[in-house]
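Here is how the chains run, residue by residue.
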Amino acid sequence: MEFKNIVPGMTFEKEFIVEEGDTAAHFGNDRVPVFASPRLISWIEGTAIGTVAPFLPEGWETVGTTFNLSHLAATPVGMKVRVVTEVTEVKGKLLTYSVKAYDEVDKICEGTHGRAIIELDKFLGRVNKKGNK
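Treat the numbers as computed from the prediction; the structure is a model and nothing was measured. (Residues numbered from 1 in each chain as written. Predicted model: local features only at pLDDT ≥ 70, side-chain atom pairs only at ≥ 80, totals over all residues. Heavy atoms only, no water.)

Enquirer: Just checking my understanding: could you explain the overall build of the protein for this structure?
Expert: The number of helices and strands found in the protein is two helices and five strands. Written out in order from the N terminus, the α and β elements of the protein read β-α-β-β-β-β-α. C-alpha atoms of the protein, sized along the principal axes, occupy 45 × 40 × 20 Å. Here the protein, with 133 residues, has 32% of them falling under the buried criterion. Nonlocal contacts in the protein, meaning residues at least 24 apart in sequence, comprise 67% of its contacts between residues at least 6 apart. With the model as given, the accessible surface of the protein reaches about 7,800 Å², and the carbon-plus-sulfur share is 51%. Distance between charge centroids for the protein: 9 Å, based on 16 positive and 18 negative side chains. (Helix = DSSP H or I, 4+ residues; strand = E, 2+ residues; numbered from the N terminus. Buried < 20%, exposed > 50% of the residue type's maximum accessible area, 1.4 Å probe, protein only. Contact = heavy atoms within 4.5 Å. Areas by Shrake-Rupley, 256 points an atom, 1.4 Å probe, with all protein chains shown as cover. Lys, Arg positive; Asp, Glu negative; His and termini not counted. Charge placed at Lys NZ, Arg CZ, Asp CG, Glu CD.)

What follows is the structure, encoded as structure tokens:
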């Protein structure tokens, strides 16, 4: 299947508020109560999904494949974070995104993220088969 409606230049952005559960302390770095990289990655994935989801046919989704990110600055609890994703390359079912994130003061992240377009039923069938081994 071709995805001609997914092209370089497509962008999407989302805003979030950093809460206690989004901090490094919550993820095991107990004495560091600032925005955590694992949560940042999840917000990047969600934003990247939102970039192309409206353009995928029924039964198709994307899954993350690569991350090359620099977490550049710390963000305190209560501050807004804005994540911006842009599709920069489409190679068949493989998508590359440019990623940037900003808090209310600084650019806090930049890098790239890769995703693959998958047919959900086939994908889950392979995963379930793998899980039954």
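Enquirer: Can you help me understand the packing of aromatic side chains in this one?
Expert: Each aromatic ring pair is specified by the distance between its two centres and by the angle formed by the two planes. Tallied over the entire structure, the rule returns three aromatic pairs. Pairing F3 with W60 gives two aromatic rings, centres 5.2 Å apart and planes at 70°, and the pair type is edge-to-face. Of this pair, F3 sits in the segment before β1 (11-17) while W60 is found in strand β2 (residues 60-71), placing the two residues 57 residues apart along the sequence. Each member of the pair, F3 together with W60, is buried. Joined through ring pairs, the aromatic side chains of F16, F35 and W43 make up one cluster. (Phe/Tyr/Trp six-rings, centres within 6.5 Å; stacked < 30°, edge-to-face > 60°.)

Enquirer: Can you walk me through the sheet that holds strand β5 (residues 107-119) in this structure?
Expert: If you trace the five strands from one edge of the open sheet to the other, you get β1-β3-β4-β5-β2, paired in antiparallel fashion. Sheet topology places β1 and β2 at the edges, where each strand pairs with a single neighbour. Sheet twist, expressed as the mean angle between neighbouring strand axes with direction ignored, is 25°. Here 10 bridges tie strand β3 (residues 80-91) to strand β4 (residues 94-103), and the two strands are oriented antiparallel to one another. If you follow R82 over to β4, its bridge partner there is Y102. This element, helix α2 (residues 120-131), spans β2 and β5 of the sheet and lies at about 90° to β5. (Pairing = 2+ DSSP bridges. Axes fitted to C-alpha atoms, helices over the stretch in contact; angles between N-to-C directions.)

Enquirer: In this structure, what is going on with the nonpolar core? I would like to understand it.
Expert: What tends to happen in soluble globular proteins is that the nonpolar side chains get buried as a cluster. Among the nonpolar cores identified, the biggest contains 24 residues, and I6 and V81 are the most heavily contacted of them. Residue assignment for this core shows that the elements contributing at least two residues are α1 (37-52), β3, β4 and β5. Among the elements that take part in this core, α1 stands out by supplying five residues, more than any other. The residues touching V81, leaving out its near neighbours within four places in the chain, are K14, E15, F16, V18, F35, W43, T75, A101, Y102, D103 and I108. (Core = buried A, V, L, I, M, F, W, Y, C linked by side-chain atoms within 4.5 Å.)

Enquirer: Help me understand α2, please; the structure alone is not making it clear to me.
Expert: One full turn of an α-helix is made of 3.6 residues, so residues set three or four places apart face in the same direction. Over its 12 residues, α2 runs 16 Å from end to end, which matches the ideal 16 Å to within 8%, given 1.5 Å per residue. Burial within α2 is sparse, with just zero of its 12 residues counted as buried. (Expected span 1.5 Å × (residues − 1).)

Enquirer: Could you clarify how one ought to interpret the pairing of β5 in this entry?
Expert: Looking along a regular strand, one sees the side chains alternate between the two faces of the sheet. Relative to β5, β2 is paired through 11 bridges, and the arrangement is antiparallel. Within β5, the position partnered with T62 by the bridge is I117. Here nine bridges tie β4 to β5, and the two strands are oriented antiparallel to one another. By the bridge assignment for β5, Y102 is matched with K107. Between the antiparallel neighbours β4 and β5 lie three residues.

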